[in-house]
Amino acid sequence: SGQLPANKNMSLRGILTANGKQMVDSGYKVAYVRQEDVFYSQLTVRETLSMATKLHLPQFTSRQQDEYAKQLMAELGIINVA
């Protein structure tokens, strides 16, 4: 998405849709948040999820982290291919 510099005098107009249906104007506040996902191309899905659990769940034991990653892969239906 092209970003415009912040400007108090700027006004944006348009139609707000969600799931293809136009939303009724009820004073919605909408924002765009840039996100940069980090996926390492040299890691498998299993290794990426395992690393993420270790970073985000340091209070869990290593075994719990591995089980959490395994459970997530099962819920996503990718345990046999990851």
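The rules behind the values
Residues numbered from 1 in each chain as written. Predicted model: local features only at pLDDT ≥ 70, side-chain atom pairs only at ≥ 80, totals over all residues. Heavy atoms only, no water. Helix = DSSP H or I, 4+ residues; strand = E, 2+ residues; numbered from the N terminus. Buried < 20%, exposed > 50% of the residue type's maximum accessible area, 1.4 Å probe, protein only. Contact = heavy atoms within 4.5 Å. Areas by Shrake-Rupley, 256 points an atom, 1.4 Å probe, with all protein chains shown as cover. Patch = residues over 30% accessible without salt bridge, like charges linked within 9 Å, V, L, I, M, F, W, Y side chains within 5 Å. Salt bridge = Lys/Arg side-chain N within 4 Å of Asp/Glu carboxyl O.

Colleague: Which parts of the structure should I look at to understand the overall build of the protein?
Modeller: When helices and strands are counted, the protein shows 2 helices and 2 strands. In the protein, the order of α-helices and β-strands from amino to carboxyl end is β-β-α-α. Here the protein, with 82 residues, has 10% of them falling under the buried criterion. In the protein, the proportion of contacts linking residues at least 24 apart, taken out of those at least 6 apart, comes to 24%. Surface summary for the protein: the accessible area is close to 7900 Å², and the carbon and sulfur share equals 53%.

Colleague: How should I be thinking about a nonpolar patch on the surface in this particular structure?
Modeller: There is a patch of nonpolar side chains on the surface, built from Leu4, Met10 and Leu12 and spanning about 340 Å² of accessible area. Relative to the helices and strands, Leu12 resides in the segment before strand E1 (17-18).

Colleague: What exactly am I supposed to notice about unusual backbone geometry here?
Modeller: Where the residue is not glycine, phi is negative for most of them; where a peptide bond is considered, it is trans in most cases. Positive phi outside glycine occurs at Asn19, with the angle close to 55°. Locating Asn19 in the fold gives a position in the loop between E1 and strand E2 (21-22). Given a relative accessible area of 81%, Asn19 falls into the exposed group.

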